[in-house]
Amino acid sequence: MATTTWQTALFKLCSLIIILPFTISYLHLYYYTYWQNEYCLVGPHGVSMVSGRLKVDDATMPISIDTATKFYGLYAPQSQKKRRNDNNGNIEDRRPFRQKYASSPSNNNSNSWSIVSSSGWPSITQSTTLISAPSTQLSRRKYNGKHAGNEEFEIVFVETKEFTKWCLQSSNKSFSSKTEWCSPSLSGYSDDTSFLYPPSGAWEHSESSTTSSPPFISISCPSPATARQSSSKTNYSKHKQQNAKQNQNLQFILRNPTTTLLLLLNTLLYFHYWNHRIPPSSVCKNYNKMCIHHEWWRGFTGATAHFEPLHIGFNMMSLNTLGRELEGGGIFGSVVFLVYNVAFVVMTSLVMMGMVFGRLQWIEYQILRTRDEVLRQQLEERQTRLRETSTVGYSAVLFAWMVISTLERNQPTCPIPFFSDVCFSTYSVPGLPFLKFNIAPVISLFIAQFIMPRVSFMGHLAGIICGFGLHWGWGMPPLEVCSPNVFVGGVFLVGCLGLSRRIVPVMPLSREGVVAGNNDDWRSLLVMEGVRDDVASNDQEEGIDTKETTTDPFVRSKQKKMERELEEVRRKQRTLISICSLIGIVTLASVVAFDVTSSLFLSQVLLLAYFICGTQSSLIEWTYTHFTKEGNDVINPEKERSGIVWRGFFVSAVLAIAVDSFSMASWFILYTFLSSARSPLRLGLLPVCIFMMARIAVNVLGLVVSSKILHDIGQVGGGIFLHVFKWVISWSKLIGDEIFLSRKPLWTAFEGRGIQLGARNRTSL
């Protein structure tokens, strides 16, 4: 069996966590922008790929940017379509395109995009929000109407005796008639040519010699721009509108990729648990196991676990219905919908555990106040049952989406099956129009509890609370914080390690008096104490007086061995500190490249915090292992703590690298739109991509180091961590073994106590 080399492992690792996410993001955004919605992106022409600023020719007159930026944005085709008959049906021809989303912060109607005006390159969530922000109540409250385009700006097909062109102009009389840009003249086309889309490229101003407007603008539209009517009955078409018959299942997958992914994930896990006879207790949400034993990963496994056909059937039908409405219907884009699903899994688990904790505290209060032994015993039994109650299923997240769906509808909601006349309307709080409420989700909660008493009341209630929190803007973190590369690792670091286990900041778990001084004092004292104890114990076994044998060869040998081990630890320490410094430099540079509120910057800060804690925990573990006589009762907790921190870094690094790749793909697709802000981007596309690749390389290096350390201390773990990251762990370990393998032996042959041959005979002479 051929062994995998570290070069092959590196290629597989980069393909899985870098190339694959980049490709998926690129294809999805391309399909969504140019195929599904047929958008045209309008932006400035001549933006430097290096500096990110607009190139201005000194020979031309000064440019009035304000005039042009009102036209920048995203243009969508109108429903009023001109059609030509074809043998295969109607072909859309010469449709007008009107501005749907504006990207200019200088628009008189305040139709601005705050992300672009920050001059930092956006994350994948910010980019997709730009092209998929819906005209719904939720988004209007969130964006305050600043994202909508001006319908007076449009791209129209102009045909005269002299020329045939596409032109970008305004129908508003307040604008000068000279404010328009046109494509090159469309010539050489026959009468059976259909003009489907405006041509991409640079469009010239109609009166560039007499106006201060920019002489050119850049437009990116779907292709092909033209098509010829087919003379035979063939299946000609490049886009969905021209297909006589469509594959509905394929269209569902392309339009709802997140819903499809969640349906497949829950269904496959259901069959996996069924085939392998996995008991619910091993993956469920349980208060004792999550809050006492700190098995926080159960928040994910419990939410995606189903063990009954009716349970998985009802949940997946609800997910399919809600996904079609919320993702495919335009309330959320696919990326944002996926981000909020992951955030809801975490938030509903936290809220549910919080409600269980509050109820336990209330029962404990009743136990302390009561004097009735029978009642006290009943309360204690109820408390025990509550701690051991297990829940599984995606219902909590579905109830959260049910709230969003109900509040976004403009018509009453009827939650009771077979009673279509019992409906409930949505009401707003006077003076707070964004604060809406509908009792229908609460009615659904009680109906589900009545029909199926085994369902988790607190789990569903937690979903309702999170749904209202997201729609009202209270309780749920901002979108960038909800991004998995920030939220998952951040909750684990702050909640589990910081609050629950209290092991952050990282200090030795024993010998509290040693750490009173400098951060390095405890390590030096432990090393010196370990050397003294080691030498003294050996001397005591040999019956040697330490004061009289300072030059003993055996003592010097032990000292040299300790020095070599200390040097090896120092080498590892220098390696970790060097990588930590690289991560710190990348974090500081991210301030320039990205917005400080972006998930791209926040995730890098999180990785830096994890690596600092991991470095400290590894140094403590190495010191106890190599330089002290402590037993396993002291060393094992240090190894366990170090393994927890490094596993947290490992998961956060994988998510951060994947999201970085997603984001970089969005820059290529939406470059015309991203460069259309009044405030220029701090960096051009070329330098920011080079920086992003360097940042990914540094994070991959940290990923390899964390895997190497986890294997060395035997804390790779198992369960969901090993199942999800099995390939990444094995590949990164293979790379780490090659790069960080020590070339210096920790022992020397024939070194130690020896006797001089013939010494006794010479002495007797």
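Novice: Describe the sheet that holds strand β2 (residues 73-77), and please don't skip the residues or the numbers.
Specialist: Read once around its circumference, the closed barrel built from 8 strands follows the order β1-β2-β5-β6-β7-β8-β10-β11, with strand pairing classed as antiparallel. Looking at chain direction, strand β10 (residues 201-205) and strand β11 (residues 216-220) are connected through 4 bridges and run antiparallel. In the strand pairing of β11, Trp 203 is matched with Ile 217.

Novice: Please provide a residue-by-residue account of helix α25 (residues 726-739), values included.
Specialist: The terminal C-alpha atoms of α25, which comprises 14 residues, lie 20 Å apart, in line with the 20 Å expected from a rise of 1.5 Å per residue. Among the residues making up α25, those that are buried are Val 728, Ile 729, Trp 731, Ser 732, Ile 735 and Gly 736. On its buried side, α25 packs onto α1 (6-36), α21 (632-669), α23 (685-712) and α24 (719-724).

Novice: I'd like a rundown of the environment of Trp 472, residues and numbers included.
Specialist: For Trp 472, the location among the structural elements is in helix α15 (residues 457-472). In this structure the side chain of Trp 472 is engaged in a polar contact, spanning 2.6 Å, whose partner is the backbone oxygen of Lys 436.

Novice: Requested: an account of the packing of α1 against α23, with residues and values cited.
Specialist: Contact pair α1 / α23: the axes reach a minimum separation of 12 Å and the direction vectors enclose 125°. Taken together, the axes of α1 and α23 lie oblique to each other. In this structure, the crossing between α1 and α23 has a hand that is right-handed. Between α1 and α23, the residues in contact are Leu 13, Ile 17 and Ile 18 and Ile 696, Val 700 and Leu 703, respectively. When grouped by side-chain class, the residues that make up the contact of α1 with α23 number 6 nonpolar, no polar and no charged.

Novice: Please set out the packing of aromatic side chains residue by residue, giving values where relevant.
Specialist: Applying the stated criterion across every chain, the model contains 33 aromatic pairs. A ring pair is formed by Tyr 273 and Phe 307, whose centres lie 5.5 Å apart and whose planes are at 15°; its orientation type is stacked. Residue Tyr 273 is found in helix α7 (residues 257-275), and its partner Phe 307 is found in the loop between α9 (298-303) and α10 (309-328); the two are separated by 34 residues along the sequence. Across the ring face of Phe 163, the terminal group of Lys 165 is positioned such that the distance to the ring centre comes to 4.8 Å. Just above the ring of Trp 622 sits the side chain of Lys 572; from NZ or CZ to the centre is 5.1 Å.

Novice: A description of the environment of Ala 665 should follow, citing residues and the corresponding values.
Specialist: The residue Ala 665 is located in helix α21 in this model. Overall, the relative accessible area of 0% leaves Ala 665 in the buried class. As for Ala 665 and Tyr 26, which are separated by 639 residues in sequence, their C-alpha atoms are 5.1 Å apart. Not counting residues up to four positions away in its chain, the partners in contact with Ala 665 are Phe 22, Ser 25 and Tyr 26.

Novice: Give a detailed account of the nonpolar core, specifying residues and quantitative values.
Specialist: With 125 residues, the main nonpolar core has Trp 121, Phe 332, Trp 401, Phe 594, Phe 611 and Trp 667 as its most contacted residues. Counting 21 residues, the second largest nonpolar core, distinct from the first, contains Phe 71, Leu 168, Tyr 197 and Ala 227.

Novice: So what's going on with a nonpolar patch on the surface? Residues and values would help.
Specialist: A cluster of nonpolar side chains, Tyr 26, Leu 27, Tyr 30, Trp 35 and Phe 668, forms an exposed patch at the surface whose accessible area comes to about 470 Å². It is α1 that provides the largest number of residues to the nonpolar patch, a total of 4 residues. Note that Trp 35 resides in helix α1. Owing to a relative accessible area of 33%, Trp 35 belongs among the partly exposed residues under this scheme.

Novice: Explain the confidence of the model for the chain residue by residue, including any values.
Specialist: In the predicted model, the chain carries a mean pLDDT of 78, and 74% of its residues have values of at least 70. Every residue in residues 240-245 scores below 50 in pLDDT, and together they form 12 contacts with partners more than four places removed in sequence or on other chains. Counting contacts from residues 759-765, a segment whose pLDDT is below 50, to residues more than four positions away or on other chains yields 2 contacts.

Novice: Before we move on, could you go through the pattern of salt bridges and cite the residues and values that matter?
Specialist: Within the structure shown, the criterion is met by 11 salt bridges. Across the pair Glu 154 and Arg 98 runs a salt bridge whose closest N-O atoms are separated by 3.3 Å. Taken together, the residues Glu 154 in strand β6 (residues 153-159) and Arg 98 in strand β5 (residues 97-102) connect sequence positions 56 residues apart. Looking at Arg 98, the relative accessible area reads 31%, which means it is partly exposed. Two residues, Asp 660 and Arg 695, come together in a salt bridge whose shortest N-O distance is 3.0 Å. Of this pair, Asp 660 sits in helix α21 while Arg 695 is found in helix α23, placing the two residues 35 residues apart along the sequence. An identical accessibility class is assigned to Asp 660 and Arg 695; each is buried. Residues participating in the shared-partner salt-bridge network are Lys 708, Asp 712, Lys 733 and Asp 737.

Novice: Report on the state of the cysteines, specifying residues and quantitative values.
Specialist: Applying the stated criterion to the full structure yields 3 disulfides. Here Cys 167 connects covalently by a disulfide to Cys 182, the sulfurs 2.0 Å from one another. Judged by the sign of its S-S torsion, about 105°, the bond between Cys 167 and Cys 182 is right-handed. With Cys 167 in strand β7 (residues 164-170) and Cys 182 in strand β8 (residues 181-182), the pair connects residues that are 15 residues apart, well separated along the chain. Each member of the pair Cys 167 and Cys 182 is classed as buried. Covalent S-S linkage joins Cys 414 and Cys 423, the inter-sulfur distance amounting to 1.8 Å. Because the torsion about its S-S bond is 75°, the bridge between Cys 414 and Cys 423 counts as right-handed. Looking at Cys 414, the relative accessible area reads 36%, which means it is partly exposed.

Parameters and conventions
- Residue positions are given per chain, counted from 1 along the sequence in the order it is written.
- For this predicted model, a pLDDT threshold of at least 70 governs which residues receive local features, and a threshold of 80 or more governs which side-chain atom pairs are given and counted, while totals over whole chains, interfaces and linings are taken from all residues.
- Based on all heavy atoms of the structure, the side-chain values leave hydrogens and waters out of the count.
- At least two bridges found by DSSP between two strands is the condition for calling them paired.
- Helix and strand assignments follow DSSP, with helices taken as H or I runs no shorter than four residues and strands as E runs no shorter than two, numbered in order from the N terminus.
- Here, expected helix span is obtained from the residue count minus one, scaled by 1.5 Å.
- Each residue gets one of three labels from its accessible area relative to the maximum for its type: buried under 20%, exposed over 50%, partly exposed in between, using a 1.4 Å probe on protein chains only.
- Throughout, a residue-residue contact means that at least one pair of heavy atoms, one from each residue, lies within 4.5 Å.
- Identification of polar contacts relies on pairs of N or O atoms within 3.5 Å, with a donor-acceptor requirement for protein atoms, meaning one able to donate a hydrogen and the other able to accept it, and with residues adjacent in sequence counted only if both atoms are side-chain atoms.
- Axis definition: a line fitted to C-alpha atoms, over the contacting stretch in the case of helices. Angles run 0 to 180 degrees between N-to-C directions.
- Roughly parallel means an angle under 35 degrees; roughly antiparallel means over 145; roughly perpendicular covers 65 to 115; every other angle is labelled oblique.
- Two helices cross in a left-handed way if the nearer one is turned anticlockwise from the farther one by less than a right angle. They cross in a right-handed way if the turn is clockwise.
- Gly counts as polar in this scheme, as do all residues outside two lists: the nonpolar Ala, Val, Leu, Ile, Met, Phe, Trp, Tyr, Cys and Pro, and the charged Asp, Glu, Lys and Arg.
- Centres within 6.5 Å make a pair out of two Phe, Tyr or Trp rings, where for Trp the six-membered ring is used; the pair is then stacked when the planes are under 30 degrees apart, edge-to-face when over 60, and tilted otherwise.
- By definition here, charges over rings are those cases where NZ of Lys or CZ of Arg is within 6 Å of the ring centre and within 35 degrees of the ring normal.
- Only buried residues count toward a nonpolar core, which is a set of Ala, Val, Leu, Ile, Met, Phe, Trp, Tyr and Cys residues joined through side-chain atoms within 4.5 Å.
- What goes into a patch is any residue over 30% in relative accessible area without a salt bridge, connected to like charges within 9 Å or, for nonpolar side chains (Val, Leu, Ile, Met, Phe, Trp, Tyr), within 5 Å.
- Only the protein chains shown count as cover for residues, with accessible areas throughout obtained via the Shrake-Rupley method and a probe of 1.4 Å.
- Every case where a carboxyl oxygen of Asp or Glu lies within 4 Å of a side-chain nitrogen of Lys or Arg is listed as a salt bridge.
- The predictor's confidence in any single residue is recorded as pLDDT, a number from 0 to 100.
- Two cysteine sulfurs form what is called a disulfide whenever their separation falls within 2.5 Å.

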